[in-house]
Amino acid sequence: MSKKREFWPVIFLTLVVVISIVALTLTDGITKDKIAQEKQDAITEMLATLFSDMESFTYDEDGGLYTVLSGGDPIGHAFMAQGRGYGGVIDILIGLKPDDKSLQGIKIITQQETPGLGAKIINASFLDQFKGVGVDEVNLSRNGGKIDAITGATISSTAVVNGVKQAIIEELGNQHKGGNS
Amino acid sequence: MSSFGKNLVRGIVRSNPTFVLLLGLCPTLAVSTSLDNAIGMTAAFVFVLLASNILISLVHNYVPDKVRIPVFIVIIATLVSIVDLMMQGFVPALSKSLGIYIPLIVVNCIILGRAEAFASKNGVLDSIADALGIGMGFGVAILLISFIRQLLGTGKLDLFGHHLFTIPGFSENPVSILMLPMGAFLVIGMLLALFKWMGVTKNE
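Residues numbered from 1 in each chain as written. Chains lettered and ligands numbered in written order. Predicted model: local features only at pLDDT ≥ 70, side-chain atom pairs only at ≥ 80, totals over all residues.

(A) Broad picture of the overall build of chain B. Helices and strands together make up the secondary structure of chain B, namely eight helices and two strands. When the helices and strands of chain B are listed from N to C terminus, the series reads α-α-α-α-α-α-α-β-β-α. Taking 2.2 N^0.38 as the reference for a compact globule, 204 residues should give roughly 17 Å; the C-alpha atoms of chain B span a radius of gyration of 18 Å, in line with that estimate. Over its C-alpha atoms, taken along the principal directions, chain B stretches across nearly 60 × 45 × 25 Å. Every one of the 204 residues in chain B was classed for burial, and the buried ones make up 41%. Here the analysis covers contacts within chain B between residues at least 6 apart in sequence; of these, 75% occur between residues at least 24 apart. (Helix = DSSP H or I, 4+ residues; strand = E, 2+ residues; numbered from the N terminus. Rg over C-alpha atoms; globule rule 2.2 N^0.38 Å. Buried ≥ 20, exposed ≤ 12 C-beta atoms within 10 Å, placed from the backbone. Contact = placed C-beta atoms within 7 Å.)

So, in structure tokens, the structure goes:
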């Protein structure tokens, strides 16, 4: 009898864990497709905001490179970049024109910058500056580039600009090494 | 008043988790930057607290005392994971803006506190009342804080993409400091002082 009592807590806790595993598996079954779909939709929507003529896209997993297509012809490339912001990592989507010489535009995917200050990097007035800028001209204007920093949000603005600059160098470097396009 | 009503009202004023017990301040301070976040956080929080209080009050007679806390934590963690997955699937925007603070409900001391101090000693009905009361107390507090921070910190009020109100001539130069973590402490400190001064809250 006493032996049974000693093991009862262990058995009880194991039971609770098993029940919770079942509950979580069921929930995962319900939400898994929905979450995957949601992520896919988010990517499609993201690319469509940069390339308004987009009809479809292909994704190269090795280089993390999206090729955006319209009527079967590539109308640009896109890839992710990261900037080190004030509140953490800023994820940025960069769109390049098909010749890879200038920017189609950029879009902030996730950021945790200070609302009302650094979070202004998601405003069109800041992001629109990147449209059509040559890949060599991505820099803050005080460093000889074409992008004006947001007043009161120098760290966040710099983070975006540096993240974009770095990613372009890496991505274009990769392409040259790979020898394609 | 019935014990149900008493337990319900107690959580809102006399033992308000934020303004009287000063529990669970970390998520309260962190997500109270906008009304949207406050509403989403309250919904997630009330769901977890209600479900955990119900489950724990149902099983508390059978739970061996030695593994009481691990059992509570497993129950709460399961509920939080369910909420987290559901939010990612059905309200991805909200899930993104609340970020890490949804998974962190697991270690929210209010929920474990209610499990240990109330649900494990009382019946289901009283535990439901307790959860709703404490949940509303938390909701009122976080809504009030985020209302003040959003209104004065950005000079305007938005709710789920709808624009509600702009303070004329103020939104260009709002008190941005209120949107920073420091501003959360300032707001909550002033509210605490105000409620003390008004005699709404008192030490038990």
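The discussion continues.
(B) Layout of the sheet that holds strand β4 (residues 89-96) of chain A. Residues and elements named next belong to chain A. Overall, antiparallel pairing links the five strands, which are arranged β1-β2-β3-β4-β5 in an open sheet. Two strands in the sheet have a free side with no partner beyond their single neighbour: β1 (56-60) and β5 (103-110). Between one strand axis and the next, the sheet turns by 25° as a mean value, whatever way the strands run. Here six bridges tie β4 to β5, and the two strands are oriented antiparallel to one another. Looking at the pairing, Leu96 lines up with Leu103 of β5. (Pairing = 2+ DSSP bridges. Axes fitted to C-alpha atoms, helices over the stretch in contact; angles between N-to-C directions.)

(C) Geometry of the confidence of the model for chain B. Averaged over every residue, the pLDDT of chain B is 85; residues scoring 70 or more account for 98%. As scored by the predictor, the complex reaches a pTM of 0.74 and an ipTM of 0.73. (pLDDT = per-residue confidence, 0-100.)

(D) Region of interest: the environment of Val74 of chain B. Residue placement: Val74 of chain B occurs in helix α4 (residues 68-90). Placed 32 residues apart in sequence, Val74 of chain B and Val106 of chain B show a C-alpha to C-alpha distance of 9.1 Å. Other than its neighbours up to four places away in sequence, Val74 of chain B contacts Val16, Val17 and Ser20 of chain A.

(E) Representation of the nonpolar core within the structure. Membership of the largest hydrophobic core comes to 45 residues, with the highest contact counts inside it found for Ala44, Val48, Ile75 and Val83 of chain B. For this core, the secondary structure elements donating two or more residues are α2 (25-31), α3 (35-59), α4, α6 (109-119), α7 (124-154) and α8 (181-198) of chain B. When residues in this core are grouped by element, the largest group, 10 residues, is from α4 of chain B. The residues contacting Val48 of chain B, other than those within four sequence positions of it, are Ile76, Leu79, Val80, Val83, Ile105 and Ile111 of chain B. Core analysis: the second largest hydrophobic core is formed by 30 residues, Tyr66, Ala81, Leu93 and Phe126 of chain A among them. (Core = buried A, V, L, I, M, F, W, Y, C linked by C-beta atoms within 7 Å.)

(F) View of the interface of chain A and chain B. Taken together, the contacts link 20 residues of chain A with 25 residues of chain B. Per element, the largest residue contribution to the side of chain A that touches chain B is 15 residues, and it comes from helix α1 (residues 2-50) of chain A. Among the residues making up the side of chain A that touches chain B, the classes are represented as 11 nonpolar, six polar and three charged. (Nonpolar A, V, L, I, M, F, W, Y, C, P; charged D, E, K, R; others polar.)

(G) The pairing of β4 of chain A, seen in detail. Residues and elements named next belong to chain A. The buried fraction of β4 is high, at six of eight residues. Two elements, strand β3 (residues 73-84) and β4, share eight bridges in a ladder whose sense is antiparallel. Within β4, the residue paired with Ala81 across the bridge is Ile92. Hairpin remark: β3 followed by β4, antiparallel, with four residues in the connecting loop; positive phi at Gly88, about 130°. In this antiparallel pair of consecutive strands, β4 and β5, the connection spans six residues, and Asp100 shows a positive phi of 60°.

(H) Layout of the pairing of strand β2 (residues 162-166) of chain B. All names here are of chain B. Little of β2 sits out of view: just zero of its five residues are buried. In this structure, strand β1 (residues 156-159) lies alongside β2, joined through four bridges in antiparallel fashion. The residue bridging Asp158 from the neighbouring strand is His163, located in β2. Hairpin geometry of β1 and β2 is characterised by an intervening segment of two residues between the two adjacent antiparallel strands and by a positive phi of about 50° at Phe160.

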